[in-house]
Structure formats: structure tokens, C-alpha cells
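# Breakdown of the fold
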Amino acid sequence: MKIALLQADHIPAYRHCVSGGNYPDMFANLFLKVSTIVDIDVFDVTVGEYPKDINHYDKFIITGSKATSFERLPWVCVLENYIKTLFSLHKKMIGICFGHQILAQALGGRVERSVKGWGVGVQCIKILERQAWMCPFHDHLSLAFYHQDQVLELPQNATLIATNTFCPVQMFVIDNLVWGMQAHPEMLRAHNHLLIKEQKEALSHCFESGIDSLRMRDHGRVVAQWMVNFFEGANDDCW
């Protein structure tokens, strides 16, 4: 499976021992959990790197980032316009955390900083509307989180498919072409643990609960299989 990874940030080298590397390594390792070998071509969109031939790819992943979609940095604006182009060409896109947010914003939604503060650690989300590619199916998922922005309004043509009380817009889809998710299925718990420790003062309201939550099992492997199914087409055996 060939994927264009639109990399919107970099993992500092000192974290690689717990993160599993930079974003390309993290996603390659995620797909290996379901025995899928992925050919990933990486484009650093923070410095304006994009595929020379957009038609060379039909599967795109937009990574997380410490940037926010609504600060209107020049490279974020370029990425937003690129997403609109991909959508017009019916390219399949998956957005993770910041990627989820910029997908929603580019296609008509609204993103803001959460008044509830940071969401960190492993949290449970509820699937509201089952999709054909959700195989094996779970009606609840526990996944890794590290964010303080949220999608508050979805694009008009989007369908909300997962939620929880902290962040109501957890996952959405548009026309089986766009899938946004607030969680980080690619994030190892050791990496999440380090991020929480580094931000202990800022996370005073949720530091202890965030650390404790990392004892929970997470369903990153399940979401990895869903991502493969989404990109390759619905799996009729799920129904």
C-alpha cells in the first residue's frame, strides 16, 4: 500500500527512544501491527513540500502537529488549500489530531482551543455510526490522546461517527473519502507518558489522571486495521 504522508511536525530526536522514531516510523510501525507493509513517501508540509504529481497518490495521511489550524500560519493556509484540491479530486484522506482538525476546517468546519483544557492519556470513545471498514468492529475504543484544540463544528456534508464527553467530535467521515480522528493511534504509551511529564505544570488539572490512564489497554491496532480497510475499500465480511 502506497501512502503520501503529509508531515505537519517533527518528533525531537531525544524522544525517538520512546516514540519509535519520527512520524514516518510511527505510522510504518502502526501498520506493521496488522501485518501491512506500507510504502510511505514523506512530504514536510511545514516547509512547503508536496508531491510533484498529485495523481501519483490516492491515499494521504495528515499527521499531528504542535501548530494549530486557526493561527493562520502561511504553511497551514497552503495545506488547507491543498486539502480542498485533494477533496475535489476524490483522493482518500485520513487526518490525525491536527490533521483531523485541519481537514474539518478546510472543508467548512470550525476548530478552537478547548475551554476544558488538555486531553491527554488514554481515553474511551464511543462509535455512533458503524462504517463498512470498521472490521473487526468495536463499539467503544480506548486510544491515546494529546491535544488542547477541538473540532467544534463539522463541515456541512460530514457525518459524526465517534464521540466522548470531553471532546464530542472524535471522528467524522465525508463521502467515504475523508476520515478525521482526534486520537493518536500511532502514539506509543511511553511517548504519551513523556509528553505528559514534560507538561506537568500546564497539565495540573489532569496530570495524575492522565498518567494513571496509561495503564489501560489501547486499541491502536484495531484502528490500524480500520485505516487499511478504509484506504483499500470496505470489507464486506464485517457485516
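Notes on the structure in this doc start here. (Residues numbered from 1 in each chain as written. Predicted model: local features only at pLDDT ≥ 70, side-chain atom pairs only at ≥ 80, totals over all residues. Heavy atoms only, no water.)

### Quick word on the pattern of salt bridges
- All chains considered together, the criterion is met by 11 salt bridges.
- The shortest N-O distance in the salt bridge between arginine 110 and glutamate 153 comes to 3.0 Å. Of the two residues, arginine 110 is situated in strand β5 (residues 110-113) and glutamate 153 in strand β8 (residues 149-153); the sequence distance between them amounts to 43 residues.
- Residue arginine 110 is classed as partly exposed on the basis of its relative accessible area, which comes to 31%.
- By relative accessible area, glutamate 153 is classed as partly exposed at 41%.
- Beyond isolated ion pairs, a larger network of salt bridges with shared partners links Lys2, Asp39 and Asp41. (Salt bridge = Lys/Arg side-chain N within 4 Å of Asp/Glu carboxyl O. Helix = DSSP H or I, 4+ residues; strand = E, 2+ residues; numbered from the N terminus. Buried < 20%, exposed > 50% of the residue type's maximum accessible area, 1.4 Å probe, protein only.)

### So, the sheet that holds strand β4 (residues 92-96)
- Spatially, the nine strands line up as an open sheet ordered β2-β1-β3-β4-β11-β10-β9-β6-β7, and their pairing is mixed. Unpaired on one side and paired on the other, β2 (39-44) and β7 (140-147) mark the two borders of the sheet. Here the average twist between neighbouring strands, direction ignored, is 25°.
- The pairing of strand β1 (residues 2-7) with β2 spans six bridges and is classified as parallel. Following the sheet pairing, alanine 4 is matched in β2 by aspartate 41.
- Contacts from helix α5 (residues 189-198) reach β6 (119-127) and β7, with the element oriented near 40° to β7. (Pairing = 2+ DSSP bridges. Axes fitted to C-alpha atoms, helices over the stretch in contact; angles between N-to-C directions. Contact = heavy atoms within 4.5 Å.)

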